[in-house]
Amino acid sequence: MNSRKANCLEESYDVLVVGAGHAGCEAALACARLGLNTIMFTVSVDSIALMPCNPNIGGSSKGHLVREIDALGGEMGKNIDKTFIQSKMLNASKGPAVHSLRAQADKKNYSQEMRNVLENTENLTIRQAEISELIVEDGRITGAKTYSGAIYNVKAVVLCTGTYLKARCIYGDVSNPTGPNGLQAANHLTDSLKSLGIEMFRFKTGTPARVDKRSIDFSKMEEQKGDERVVPFSFSTDPESVQKEQVSCWLTYTNSETHKIIMDNIDRSPLFSGAIEGTGPRYCPSIEDKVVKFSDKERHQVFIEPEGLYTNEMYLGGMSSSLPEDVQYAMYKTVPGLENVKIVRNAYAIEYDCINPRQLLPTLEFKKIKGLFSGGQFNGSSGYEEAAAQGLIAGINAALSVLGREQIIIDRSEGYIGVLIDDLVTKENHEPYRMMTSRAEYRLLLRQDNADLRLTEKGYKAGLISKKRYEAVQEKKNLINKEIERLKKTNVGANMEIQKFLERNNSTPLKTAASLAELVRRPELNYELIAEIDKERKPLPYDVKEQVNIEIKYEGYISRQLSQVQQFKRLENKKLDENFDYTMVPSLRKEAVQKLNLYKPLSIGQASRISGVSPADISVLLVFLEQQRRKREN
Amino acid sequence: MSGTDTIAAIATGITNSGIGIIRISGDLAISVAEKIFKPLKENKKISEVKSHTIHYGYIVDEENIIDEVLLSVMRSPNTYTREDIVEINCHGGITVVNKVLETVLKNGARPAQPGEFTKRAFLNGRIDLSQAEAVIDVINAKNEYALSSSLSQLRGSVSEKIKEIRDIILNNIAFIEAALDDPEHIEMNNYGFQLLDTVRDIKQRLNELIKSSENGRVIKEGIKTVILGKPNAGKSSFLNAILGEDRAIVTDIEGTTRDILEENVRIHGISLNIIDTAGIRNTDDVVEKIGVDKAKAMAKDADLIIYIVDTSRPFDSNDMEIIDFIKGRKCIILLNKTDLENGMNSEDLKILESIDKAYIVKISAKNQIGIDEFENKIKEMFFHGEVNFNDEVFITNARHRHSIAEALKSMEMVEQSIENNMPEDFFTIDLMNSYEALGSVIGEAVEDDLVDRIFSSFCMGK
């Protein structure tokens, strides 16, 4: 400490958060709310909680993440409930596990509301400056430096740099060294990270053009309205408060002419010319990617979405691109309704530095640097919701580590957040990672409707959920269980009234007495329907009834997944030492030793998910560990 | 130790005489036994008998009696694995032992993984610490054997069929998942209706696989026996002589048997899995070269080699190559064509006689002379324990059959879900289980198959 220059700004905080995007906001709020003196850095205070790409929150599996963030005490769900302008429950006609909320946000309002929350949170300081260097002593973070030379002595750092590290925005042969939206990139931190031995990746993503609403002919498009009854994201939002007038999105299509323009100019795309080196995500390809890879598809959808109520700008969902601006203009104009379109902002691809996330523990702390945490696109993910989820966990754990308390891990059977983080830190990841419901093996248990039942207790124990809210969830659980029990125990006989009821509902008549639960289970019936023949039913809140219906109706599937979870937990509970050297295990195959030493899993379960580690390796490992245990005992 | 699933395997080496023991270990061991054991004394209940007692009765599959057995019940913790263990002593005979194992598996146990009994015994504190290394070796060795036997002996057509089925399943999962993930770009209405035909077709294919596995097994069981000899030494004639039918193409043109022929024969009740290879000779013919290379590879991990010598011709470089190759391996040398005039040099026989561990039998494949003597030799070697084969092959087979049956069960669940009008996302749960079960047969883990298939087959949004 003495060696440092005296003539510079020097301050001390508990936790320092780098970045004020969706991950940074959750991280900073979590730390401040847990009582830690927190400082958050951003290159632009006006860009807090910026949505630089699509103007919506949620969507398939992402909606689940937002619900889980909310149950743990995060902010994203509350903020979108305050600022949405249209909302839909996707897959409503499918099973409850894949229902997903998605809301269009008023971008400016979303950003402003989040800023309000941050600015009114105790213990939280917001600072506009670029962090350029981390200070690490003996494998532990002790501080960070800004580009201007100011020194911040801290106990923990959370890195949420998003797409800003050495960012470059590209279209055609134009390449701007900026972050999204022309914001200043962070050009110095990468070198500091590399000098600390952190392995970096370079990823790429892209965004479509924003166009002037007045130049669009909506009569040539299909209107996409929001749901009549809006369901809020946050479990603490009053459902009545979100019933309001909504704005529409619009659907149109590309055509052969669009595709011809793209193919004629494909050599001018930086993606195909090789000017872009970063790895892009397969799930959100640029329009030129789609046309090249799926050449047999005659048309692609284009969703025209409002950026907010404050502006005329509209987002051209489905047409992200890095083609030169003259080609962008030409191809957009071939789309019905966009013949006279005026572009406000060009589409572009963006390249940025991020880390290989296998360097992280499932707590999102760096394995090699104590007190250093990270979340969001910096960890190689993509999407606002994925970022917020990690930011929250990284923030909570940074705080818990400073407080000397046990950190939290959400496992794959507890939430999508668990799947997300486990996939990132355990599996090889070669593109920006996006959440998908198919990645969750226990998805029937991880529904968006029961995120509160699954995770509120964790949030409460961490200290982000109030006692009142926790007790309300406990009470809800109680009501659900009691009601399920009652339905299982209540039998109805094959009397006239019942038979008539069944007949009216196209259900087979009873031969002998049956429980009400058995009736709920019938495909053509449900909990609401059988109210008529359920004489002792007492009024229950809507969300309790919903759970009762789902739990009974899908009991067979649910109990199968529960027994799989039991198997899973057995391996998760066999802990491994993160400092263990696997070359010590005789007869473990070479490949397994290498992989295990690289990943340093925290449990046998995690080890078993590493690609290249076979079931036989796991057996060998188990036997070896038992041998060590007995040796210690003797 | 409670909370572990119940495993079963054949505990004795496979022989065709004496008794075979099937061991069941785990929480359900006793209840599985109770389901399939019919005690002689009608009112005896296996779940209520004393620990470490032996009971006489029958193993029944539904109503059919499979074998008369002695059944030992050993309750936790004083057992090999420290779990509940039931051992079924059957009358032996490969077929019976297998059938009993199958019945056990049908009633709630799963096939043990390679070395799993030993692993459990160790993890539950039954095996001494000093033996830990040996335990690891057992696991590694058994696993390696299971892997190699599983992959090398999986009949080509089986693995092709399974790959095909898996591909269809994965395509369907990918479509459903893509549509669920991106409902606004990919439409999916009443997909169950469409899927139903596919599901029924797959069910039928899996049923056929199971049926064929009951006859021929999924993988070939038996003493892996490879026939070697220079071209036209009479390998195929010999095979026909012991099979009693014209399976191999027999001509006088050298190099007719280009493909590898596999046949399962029973000799005095001993199962031999005989592989007829292309004649070993230096060849420029590309197709034949492949056959020759394969023959050498096969012979490398054979349990027994049968070297057929053409006594009507003197040794050539091909013979010398074979002799080099068989040194140190279990081998029967057949001096064939004794019906013709001897054309060998006097030195040649001496070379053969000097080979260690090799038995020499004179035959005439064409006239079926000496075949009895050959068969007696096999019997003798088997009962003296000079040749045997690893029981892992049997348990691997059981594992495969079990997996295919699991896959079938999952497809039945899909069918049921469709018929019950369940939403599409429920289909993929069981489709995925089926996909995984089939993957374990051909040794393919799931990893990122689904996500890759989704992105390669469907144009996702944004």
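Cut-offs used in this document
Counting from 1, residues in each chain are numbered in the order their sequence is written. The lettering of chains begins at A and the numbering of ligands begins at 1, in the order of writing. Note on the predicted model: pLDDT of at least 70 is required for a residue's local features to be given, and 80 or more for side-chain atom pairs to be given and counted; whole-chain, interface and lining totals, by contrast, use all residues. Two residues form a contact once the distance between their C-beta atoms, set from the backbone, is within 7 Å. Following the grouping adopted for this structure description, the nonpolar residues are Ala, Val, Leu, Ile, Met, Phe, Trp, Tyr, Cys and Pro, the charged ones are Asp, Glu, Lys and Arg, and the polar ones are all others, Gly among them. For two strands to be treated as a pair, DSSP must find no fewer than two bridges joining them. Strands here are runs of E lasting at least two residues and helices are runs of H or I lasting at least four, both read from the DSSP assignment and numbered beginning at the N terminus. Fitted lines through C-alpha atoms give the axes, limited to the stretch in contact for helices. The angle between two N-to-C directions lies from 0 to 180 degrees. Here the limits of each domain have been adopted from an automatic or database domain assignment. To sort residues by burial, count the other C-beta atoms lying within 10 Å of each one's C-beta; a count of 20 or more means buried, 12 or fewer means exposed, and anything in between means partly exposed. C-beta atoms are built from the backbone. This arc describes the spread of directions from the helix axis toward the C-beta atoms. Here is the rule for angles: anything less than 35 degrees is roughly parallel, anything more than 145 is roughly antiparallel, 65 through 115 is roughly perpendicular, and the remaining ranges are oblique. Definitions for this section: a left-handed crossing has its near helix turned counterclockwise from the far helix by less than a right angle. A right-handed crossing has that turn clockwise.

1. Overview of the interface of chain A and chain B
And step 1. Across the boundary between the two partners, chain A contributes 39 residues, which contact 35 residues of chain B.
And step 2. Across the side of chain A that touches chain B, the residue classes tally to 17 nonpolar, 15 polar and 7 charged.

2. Topic: the pairing of strand S9 (residues 140–146) of chain A
For a regular strand, side chains alternate in direction, first toward one face of the sheet and then toward the other.
Residues and elements named next belong to chain A.
And step 1. Alignment of strand S8 (residues 131–137) against S9, held across 6 bridges, turns out to be antiparallel. Of the residues in S9, the one forming a bridge with Val-136 is Ile-141.
And step 2. In textbook terms, the turn of a hairpin is the stretch between consecutive antiparallel strands, and for S8 and S9 this stretch comprises 2 residues, one of which, Asp-138, has a positive phi near 50°.
And step 3. Here S9 runs beside strand S10 (residues 151–153); their pairing, made up of 3 bridges, is antiparallel. Paired with Lys-145 across the strands is Ile-151, a residue of S10.
And step 4. A loop of 4 residues connects S9 with S10, the two strands running antiparallel in sequence, and Gly-149 in this loop sits at a positive phi of about 100°.

3. Considering the sheet that holds strand S5 (residues 84–90) of chain A
All names here are of chain A.
And step 1. In space, the 3 strands of this open sheet follow the order S4-S6-S5, with antiparallel pairing throughout. In this open sheet, the two strands that pair with only one neighbour each are strand S4 (56–58) and S5. Strand after strand, the sheet turns through a mean of 20° between neighbouring axes, direction not considered.
And step 2. With 3 bridges connecting them, S4 and strand S6 (residues 100–105) associate as antiparallel partners. If you follow Asn-56 over to S6, its bridge partner there is Gln-104.

4. Thoughts on the domain arrangement of chain A
Residue and element names in this part refer to chain A.
And step 1. Here chain A is described as being made up of domain 1 (10–205 + 352–462), domain 2 (210–350), domain 3 (467–560) and domain 4 (574–633).
And step 2. With centres defined by C-alpha atoms, the gap from domain 1 to domain 2 works out at 26 Å.
And step 3. If you look at the interface, domain 1 gives 43 residues, while domain 2 gives 42 residues.
And step 4. With 5 residues, S5 is the single largest residue contributor to the side of domain 1 that touches domain 2.
And step 5. Residues belonging to the side of domain 1 that touches domain 2 are distributed by class as follows: 15 nonpolar, 13 polar and 15 charged.

5. Some words on the environment of B:Val104
All names here are of chain B.
And step 1. Along the chain, Val-104 falls in helix H2 (residues 94–106).
And step 2. Classification of Val-104 by C-beta neighbours within 10 Å gives buried; the count is 29.
And step 3. Taking the C-alpha atoms as reference points, Val-104 and Gly-229, 125 residues apart in sequence, are found 43 Å from one another.
And step 4. Among residues more than four places away in sequence, those in contact with Val-104 are Ala-8, Ile-22, Ile-24, Val-32, Ile-36 and Ala-109.

6. As for helix H9 (residues 317–326) of chain B
Helical periodicity: at 3.6 residues per turn, an α-helix aligns residues three or four positions apart in one direction.
Residue and element names in this part refer to chain B.
And step 1. Of the positions making up H9, those classed as buried are Asp-319, Ile-322, Ile-323 and Ile-326. Buried residues in H9, looked at end-on, bunch into an arc of 100°, giving them a common side. Of the exposed residues in H9, those oriented more than 90 degrees away from the buried face are Ser-317 and Asp-324.
And step 2. Each element contacted by the buried residues of H9 is listed here: strand S8 (223–228), strand S11 (304–310), strand S12 (331–336), helix H10 (346–353) and strand S13 (358–362).
And step 3. Once H9 ends, the next one or two residues include Gly-328, with phi positive near 85°.

7. Remarks on the packing of helix H20 (residues 615–633) of chain A against helix H3 (residues 116–123) of chain B
And step 1. Look at H20(A) against H3(B): their axes get within 10 Å of each other, and the N-to-C directions meet at 25°. Taken as axis vectors, H20(A) and H3(B) run roughly parallel relative to one another. Judged by the sense of rotation from one axis to the other, the crossing of H20(A) with H3(B) is left-handed. On the side of H20(A), the interface is formed by A:Ser619, A:Leu622, A:Val623 and A:Glu626, while H3(B) contributes B:Lys119, B:Phe122 and B:Leu123.
And step 2. Classifying every residue of the contact of H20(A) with H3(B) by side-chain character gives 4 nonpolar, 1 polar and 2 charged.

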